[in-house]
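Next come the chains, spelled out residue by residue.
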Amino acid sequence: SQTIHQWPATLVQPVGSPLSLECTVEGTSNPNLYWYRQAAGRGLQLLFYSVGIGQISSEVPQNLSASRPQDRQFILSSKKLLLSDSGFYLCAWSAGTGVSDTQYFGPGTRLTVL
Amino acid sequence: AQSVTQLGSHVSVSEGALVLLRCNYSSSVPPYLFWYVQYPNQGLQLLLKYTTGATLVKGINGFEAEFKKSETSFHLTKPSAHMSDAAEYFCAVSAPFSGGYNKLIFGAGTRLAVHP
């Protein structure tokens, strides 16, 4: 069966520091991968989307970036964190790109920027 | 453009009572609809999804949802609430994304509280 992992589970970082969040998927090949952010009291906002190694699409402009160095690894980064980057970051995967394809979510990373 | 509206950011029910969480969607194409549940500090878990065919969709944990095209609704119900149902629930619609792919558009969520 497929599983999705996120690391770390929680993170507290000062403003201006760098960020690296990791997401890995097991039990499937060539998954589509997604990064979402969930701010307090709000829904989920799609940040990045990837259909393959090195292929990244950005949904909204921001000081975050994403990379996919391996087939089942998706990394979210920032060179300098802002207070507004605080939130709950969720990684998800899907098997296909069709309208009915289900996205499966990881456990999330809680980021607090102070 | 696709969008989702969840009526009621907070819903409170008694244990054993009917659960009704409302979701209305807007879609320019036949919609594909999803309900997810999120327990505190956890990721989202798929409850059920509607693609095509039967309009009454059964999901996990006794939940079901009915797709009503005329009302553009996809409300989530459960006949009898359990304490373990306390969580946040998200309705989502699949929407076209750049490059010919699709993404999920989420509602703002409804937090369900269940009291004894």
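What comes next concerns the included structure. Keep in mind the model is a prediction, meaning the values are calculated, not measured.

### Structural notes on the overall build of chain A
Here is step 1 of the chain: Secondary structure assignment for chain A yields zero helices and eleven strands.
Here is step 2 of the chain: Each helix and strand of chain A, ordered N terminal to C terminal, gives the series β-β-β-β-β-β-β-β-β-β-β.
Here is step 3 of the chain: Expressed as lengths along the three principal axes of its C-alpha atoms, the size of chain A is roughly 35 × 30 × 25 Å.
Here is step 4 of the chain: By residue count, 47% of the 114 residues in chain A fall in the buried class.
Here is step 5 of the chain: Long-range pairs, those at least 24 residues apart, make up 55% of the contacts in chain A between residues at least 6 apart in sequence.
Here is step 6 of the chain: Charge separation in chain A, taken as the distance between the mean sites of 7 positive and 6 negative side-chain charges, equals 10 Å.

### Let's talk about the packing of aromatic side chains
Here is step 1 of the chain: With the rule as written, the count across this model stands at 15 aromatic pairs over all chains.
Here is step 2 of the chain: Centre to centre, the rings of Phe105 of chain A and Tyr36 of chain B are 5.4 Å apart; their planes meet at 85°, and the pair counts as edge-to-face. In this pair, Phe105 of chain A sits in strand 10 (residues 104–105) while Tyr36 of chain B sits in strand 4 (residues 33–38), so the two residues belong to two different chains.
Here is step 3 of the chain: Accessibility expressed as a relative area gives 0% for Tyr36 of chain B, which makes it buried.
Here is step 4 of the chain: Here the aromatic cluster, defined as three or more aromatic residues joined through ring pairs, consists of Tyr34, Tyr36, Tyr49 and Phe105 of chain A together with Phe34, Tyr36, Phe90 and Phe106 of chain B.

### Regarding the pattern of salt bridges
All names here are of chain B.
Here is step 1 of the chain: Using the criterion set out here, one finds six salt bridges over all chains in the structure.
Here is step 2 of the chain: Lys58 is paired through a salt bridge with Glu64; the nearest N and O atoms lie 2.7 Å apart.
Here is step 3 of the chain: Since its relative accessible area comes to 61%, Lys58 is described here as exposed.
Here is step 4 of the chain: Overall, the relative accessible area of 22% leaves Glu64 in the partly exposed class.

### Topic: the sheet that holds strand 6 (residues 56–58) of chain B
All names here are of chain B.
Here is step 1 of the chain: Overall, antiparallel pairing links the five strands, which are arranged 1-3-8-7-6 in an open sheet. The strands lining the two open edges of the sheet, one partner per strand, are strand 1 (3–7) and strand 6. Across this sheet, the average inter-strand angle for adjacent strands is 20°, counted without regard to direction.
Here is step 2 of the chain: The pairing of strand 1 with strand 3 (residues 19–26) spans five bridges and is antiparallel. If you follow Val4 over to strand 3, its bridge partner there is Tyr25.

What counts, and where the lines are drawn
- Residues numbered from 1 in each chain as written.
- Chains lettered and ligands numbered in written order.
- Predicted model: local features only at pLDDT ≥ 70, side-chain atom pairs only at ≥ 80, totals over all residues.
- Heavy atoms only, no water.
- Helix = DSSP H or I, 4+ residues; strand = E, 2+ residues; numbered from the N terminus.
- Buried < 20%, exposed > 50% of the residue type's maximum accessible area, 1.4 Å probe, protein only.
- Contact = heavy atoms within 4.5 Å.
- Lys, Arg positive; Asp, Glu negative; His and termini not counted.
- Charge placed at Lys NZ, Arg CZ, Asp CG, Glu CD.
- Phe/Tyr/Trp six-rings, centres within 6.5 Å; stacked < 30°, edge-to-face > 60°.
- Salt bridge = Lys/Arg side-chain N within 4 Å of Asp/Glu carboxyl O.
- Pairing = 2+ DSSP bridges.
- Axes fitted to C-alpha atoms, helices over the stretch in contact; angles between N-to-C directions.

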